[in-house]
Amino acid sequence: MLRHHERIAREIADPALVRLHRKLERLSSVLTVMNTGAHPDDEANGMLAALRFGLGMRVIVACSTRGEGGQNAVGPERGAALGVLRTREMEVAAKILDADVVWLGHGPEDPVHDFGFSKNGDDTLARWGEDRIVERLVRAYRQERPDIVIPTFLDVPGQHGHHQAMTRAARIAVERAADPHAYPQHLAEGLKPWRVAKFYLPAWSGGGATYDDEVPPPEPTLVIRASGDDLATGTPFARIGEWSRAAHLSQGMGIWLDNPKRVWPLHLLTKANGPAKHEDDILDGLDATIGALASSEGLSPKASDLLISAQHDIKRAQSAFPDPQSILDAALAAARAISGALAECSGAVRDAIEHRLTHKLRELDAVILEVRGVQVRAWTEPAVAAPGERAVLHVTVDNLDGDIAIEPVLSSKISVSGRTISGNLVRFELDVAEDAYFTAPYPPRYSSAGGNGEVAIAVEAEMKGQKIRALVDLEEPLRIAPQHSVSIDPEVFVIGVDNADSTLSAKVSIEGSMAQDLVTFGTAPPGWVVTYDGNHVNIEPPSNCAPGLYRIEPSINELPAYRSTLIAYPHIGRTAYLSREVLSILALDLKRPLEVRIGYVGSGNDRVGLWLARLGFPVTELDTEALRGDLSRFTTIVVGIFAFGRRQDLASATPNLHRFVDKGGHLVTLYHKPSDGWDPATTPPRHIEIGSPSVRWRVTNPNAPVAILDPDHSILAGPNRIGLEDWAGWDKERGIYFASRWDDAYVPLIGISDPGEASLSGGLLSGKIGQGRHTHVSLVLHHQLDKLVPGAFRLLANLVQPA
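Below is a short write-up of the structure. Because the structure is predicted, anything quoted here is derived from the model rather than measured. (Residues numbered from 1 in each chain as written. Predicted model: local features only at pLDDT ≥ 70, side-chain atom pairs only at ≥ 80, totals over all residues. Heavy atoms only, no water.)

### A word on the side chain of glutamine 466
To keep things clear, this is the line we draw: By definition, any uninterrupted DSSP run of H or I lasting at least four residues is a helix, any uninterrupted run of E lasting at least two residues is a strand, and each is numbered from the N terminus. For the purposes of these results, a polar contact is taken to be a pair of N or O atoms within 3.5 Å, where, inside protein, one atom must be able to donate a hydrogen and its partner to accept one; residues adjacent in sequence count only when each atom of the pair is a side-chain atom. Throughout, a residue-residue contact means that at least one pair of heavy atoms, one from each residue, lies within 4.5 Å.
Here glutamine 466 is to be found in strand 16 (residues 466–473). Separated by 3.0 Å, the side chains of glutamine 466 and serine 339 make a polar contact. Not counting residues up to four positions away in its chain, the partners in contact with glutamine 466 are Leu332, Ala335, Arg336, Ser339, Leu361 and Ala461.

Quick look at the structure:
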């Protein structure tokens, strides 16, 4: 349930006149435009704002992944949990644009997922399965019936491989969606072939600090021009696009535009009827309004007259803004006329225009309820329910009267067992079935018109013979989740095989009503002893423990135990990530350097400080006061990824860090973008320049061969000799934001490259400076630690040795 201030903030952000204007705008067009991209934040928000709020088009974003392979600028979520966060961010971004979302990938367990940066579209399609992603796009075209499809990026070398793949698949899917012989299973499900009228490419480059398109963009055949600003808010469309992009906060999106873009050039690649050519308007050759549909081939004269009448009534409703009674009369007349026209349609013409008329009726229903003053707010208590439990659905309705009916719209495993009405408050008792599945962390779609989640509200009425229906989402979605959340702390032990005879103890915490003694732990590995006393699980490794990863899984009442990790931020609200709770023990052939005292400077973007502590090192988190003070008590200071850009106190302490190095300290900096407060001349103790665009300065193949350039260097020679076996089993990629140029004080220690590319030697640099040392690491070391890659821990132990 939302807190009072959260409800107030939502009301402030949703003034009634803007809300009404937005609903009237939708009536202007019967066209649908689909923008395709590979990740949440790939959408062309400014252009979509112009198409939706300027022209009234229905907007759909088709996104192939949940962005789970990316980075997180706001919190600790990584991998699957980051995918949950970015899914919610995409929904918020879409809501600001009044857009729908169709997801083509369903999280990291699905073949179509964000596996990290790719430089090659062919490689991406091989990993996703080309036919798989094309089939999913064909399904989306046939379900949503877009008239226009526009990818955000070009399929050219130098672009992100995911972007290349998505654009290529979107183009292939245009032809297959129209082919009645392609994917016959769709036809068996009731879907019909659909011909996209226009397929555009962006006539702009996707270059910049990240990408480096090697081919210039195609010639513009059309320029979308936003000659004015948004009528409802007086804001330029590109700036509204940034309102939407700001929802992608985990990716650092959203900027203020003093000179917002007002043109978007496009290249018409294919056209359904006739050759692609230059156009004056994106609407050229398309029946864009209800009135234009009156000339549809095969339409009866009566139906044609009704659509012309409906167009007149729509114009009347829009012109009457903000007079509610005049809008109501005109909207009801338009709805009656469209319903009458639809009843007159049959055969091919019905198939061609039914979806447009149905959408328009739904949009008119929203206008009618808005001007009637019917506002619905709904929530459940609790907001999370387990299978077999009950929740109460509360619905408040402004201007509730006998003409208006309120009914919950429920997923298949939720039912209503009771209802009470008190004034404008309706309560429903909801029962969650014992065999209900947990709520999917990655919903397949999002509708701006409502009806999302396990529970929604249907508002129904009959006015002057016209049936009205609209869907309203809950303030906070109801989640079906396990009754208990189990957490083990620590959930991972990292031990050396030379001291494996120590007993390990982890605290077991349970949220929920079940007694602690119903928790059990699975069969221990041979030679291991596992005991549980109700509060702690104790593990005794064998004295001859072999290197490897060992896992012990807890259960509750003989069912798998899950950990529910809250994901809550002001810009997305509250959700959670469910994962099987597992106790892991990583046994390593690892030696620790002696007399190490580590200061760690993090920004919440990695867990390197945690892993150092798990390795048994004394670690102190450095706050603002510590950074200003005497650093000589530390032998080594580790600066986490992005920290110079995220922490102003760190940037201010740079001179103190330089003095620390000069006097004998070892400074270890993990990778930074050029834009992360990294000044090549002043941030590192000696000049280090980060390569740009980053696509040229990263190695995306996690199995790329590593050439050890200086095997006897102290960082690689001890206390653990780093060999080729330490580079095995890496995940996602080798490194990112490699240094491109550096001072002669630094020595490159390794060389790596993706296949067919020149070797990059700026991934691991170390140099003697004064009496100390600075080591810069562009490897994705933090990710390998999270994935429990043995070689990453051995390298980390070497990196933190005293200078």
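Further notes follow.
### Re the packing of aromatic side chains
Our working rule: Two rings from Phe, Tyr or Trp (for Trp, the six-membered ring) form a pair when their centres are within 6.5 Å of each other. A pair whose planes differ by under 30 degrees is stacked, one over 60 is edge-to-face, and the rest are tilted. Only protein chains enter the accessibility calculation, which uses a 1.4 Å probe. A residue is then buried if its area is under 20% of the maximum for its type, exposed if over 50%, and partly exposed in between. Criterion for a charge above a ring: Arg CZ or Lys NZ at most 6 Å from the ring centre, at most 35 degrees from the ring normal.
Under the counting rule described, the total for this entry stands at ten aromatic pairs. Ring centres of phenylalanine 521 and tyrosine 532 lie 5.4 Å apart, and the angle between their planes is 55 degrees; on these two criteria the pair is classed as tilted. With phenylalanine 521 in strand 21 (residues 519–521) and tyrosine 532 in strand 22 (residues 529–532), this pair connects stretches of sequence that are eleven residues apart. In this structure phenylalanine 521 comes out as buried when scored by relative accessible area, which is 17%. Site record: aromatic cluster; members linked through ring pairs are Phe117, Phe153 and Tyr211. Lying across the ring of tryptophan 204, lysine 261 places its NZ or CZ 5.7 Å from the centre.

### What to know about the side chain of lysine 360
With respect to the helices and strands, the residue lysine 360 is situated in helix 12 (residues 347–371). Here lysine 360 falls in the buried class, since its relative accessible area comes to 1%. Polar side-chain contacts of lysine 360 include one of 2.9 Å to the backbone oxygen of arginine 26. Leave out the neighbours within four places in its chain, and lysine 360 touches Arg26, Leu27, Ser29, Val30, Ile290, Ile314 and Ile338.

### A closer look at the sheet that holds strand 22
Condition: Here, a strand pair is defined by DSSP locating no fewer than two bridges between the strands. To obtain an axis, a line is fitted to C-alpha atoms, over the contacting stretch when the element is a helix, and the angle between two such axes runs from 0 to 180 degrees between their N-to-C directions.
Strand order in the open sheet formed by four strands is 18-20-23-22, and the pairing between neighbours is antiparallel. Across the chains shown, the open sheet's two edge strands, defined by having one partner strand only, are strand 18 (485–489) and strand 22. Averaged over all pairs of adjacent strands, the angle between their axes in this sheet comes to 20 degrees, without regard to strand direction.

### Brief notes about the layout of surface pockets
In plain terms, the rule: Using only the protein atoms, space was sampled on a 1 Å grid; points where a 1.4 Å probe fits but cannot get out form cavities, open sets with protein on both sides within 12 Å along at least five of seven lines form pockets, and lining residues are those with an atom within 4 Å of a point. Grid points are joined across faces, edges and corners, and a volume is the space filled by probe spheres set on the points. We call Asp, Glu, Lys and Arg charged. Ala, Val, Leu, Ile, Met, Phe, Trp, Tyr, Cys and Pro are nonpolar, and the rest, Gly among them, are polar.
Quantified by volume, the second largest pocket comes out at close to 670 Å³. Lining the second largest pocket are 24 residues, with Trp194, Asn273, Asp287, Ala352 and Arg356 sitting closest to its centre. Take the lining of the second largest pocket: its biggest share by element is six residues, from helix 12. Class assignment of the residues belonging to the lining of the second largest pocket gives a composition of eleven nonpolar, three polar and ten charged.

### Digging into helix 6 (residues 130–144)
Cut-off, in case you're wondering: A helix is expected to reach a length of 1.5 Å times the quantity of its residues less one.
Compared with an ideal rise of 1.5 Å per residue, which puts 15 residues at 21 Å, helix 6 spans 21 Å between its outermost C-alpha atoms and is within 8% of the ideal. Of the residues trailing helix 6, arginine 145 is marked for its positive phi of about 55 degrees.

### Focus: empty space enclosed by the protein
Taken as a whole, this structure holds one cavity of 30 Å³ or more when the rule is applied. In terms of residues, the lining of the largest cavity owes the most to one element, helix 12, which gives five residues. Split by residue class, the lining of the largest cavity holds three nonpolar, five polar and five charged.

### Quick look at the pairing of strand 39 (residues 764–769)
The element strand 39 is largely enclosed, with a buried count of five among its six residues. Note that strand 37 (residues 746–748) and strand 39 share three bridges and pair antiparallel. Pairing of valine 747 across the sheet is with serine 766, part of strand 39. In sequence, strand 39 turns back onto strand 40 (residues 772–777) through a hairpin of two residues, with glycine 770 there showing a positive phi of about 60 degrees.

### What to know about unusual backbone geometry
Proline 382 follows glutamate 381 through a cis peptide bond whose omega is -5 degrees. Of note, the amide linkage connecting glycine 718 to proline 719 takes the cis form, showing an omega dihedral of 0 degrees. For proline 719, the location among the structural elements is in the loop between helix 18 (714–717) and strand 36 (739–742). At aspartate 41, a position not held by glycine, the phi torsion is positive, near 100 degrees.

### Here's the deal with the environment of proline 680
One can find proline 680 in the loop between strand 33 (666–670) and strand 34 (688–690). For proline 680, a relative accessible area of 23% gives the class partly exposed. With sequence-adjacent residues up to four places away left out, proline 680 is seen in contact with Arg686, His687, Ile688 and Glu689.

### Things to note about the nonpolar core
Rules: Residues grouped as a nonpolar core are buried Ala, Val, Leu, Ile, Met, Phe, Trp, Tyr and Cys residues, joined through side-chain atoms within 4.5 Å.
With 72 residues, the main nonpolar core has Ile637 and Phe793 as its most contacted residues. The leading source of residues in this core is helix 20 (residues 790–799), at six residues. Core analysis: the next-biggest nonpolar cluster, separate from the first, contains 60 residues, Leu299, Ala303, Leu328 and Ala470 among them.

### Notes on helix 20
Within helix 20, nine of the ten residues are buried, which leaves it mostly tucked inside the rest of the structure. All of the buried residues along helix 20 are Gly791, Ala792, Phe793, Arg794, Leu795, Leu796, Ala797, Asn798 and Leu799.

### Thoughts on the pattern of salt bridges
Quick reminder of the rule: When a carboxyl oxygen of Asp or Glu lies within 4 Å of a side-chain nitrogen of Lys or Arg, that pair is called a salt bridge.
Summed over all chains, the structure comprises 55 salt bridges. Between aspartate 351 and lysine 192 there is a salt bridge, with the nearest N and O atoms lying 3.4 Å from each other. Remark: lysine 192 occurs in the loop between helix 8 (184–188) and strand 5 (198–202) and aspartate 351 occurs in helix 12; sequence separation between them is 159 residues. The partly exposed category is assigned to aspartate 351, whose relative accessible area is 29%.

### Quick look at the packing of helix 6 against helix 7 (residues 161–178)
Put simply, the test is: Any angle that falls under 35 degrees is termed roughly parallel, while one over 145 is termed roughly antiparallel, one within 65 to 115 roughly perpendicular, and all others oblique. With the far helix as reference, a near helix turned anticlockwise by less than a right angle produces a left-handed crossing, and one turned clockwise produces a right-handed crossing.
Contact geometry of helix 6 with helix 7 gives a least axis separation of 8 Å together with a crossing angle of 55 degrees. Classified by the interaxial angle, the pair formed by helix 6 and helix 7 is oblique. Seen along the crossing, helix 6 lies across helix 7 with a hand that is right-handed. Judged by residue contacts, Glu130, Asp131, Ile133, Val134, Leu137, Val138, Tyr141 and Arg142 of helix 6 engage Met166, Ala169, Ala170, Ile172, Ala173, Val174, Arg176 and Ala177 from helix 7. For the contact of helix 6 with helix 7, the per-class residue count stands at twelve nonpolar, no polar and four charged.

### Focus on the sheet that holds strand 24 (residues 548–552)
One open sheet holds the three strands; their spatial order is 19-29-24, and the pairing between them is mixed. The open sheet terminates on both sides in strands that have one partner only, identified here as strand 19 (492–496) and strand 24. Averaged over all pairs of adjacent strands, the angle between strand axes in this sheet comes to 20 degrees, irrespective of strand direction. Inspection of the sheet shows strand 19 paired to strand 29 (residues 583–588) by five bridges, in the parallel sense. The partner of glycine 496 across the bridge, within strand 29, is leucine 588.

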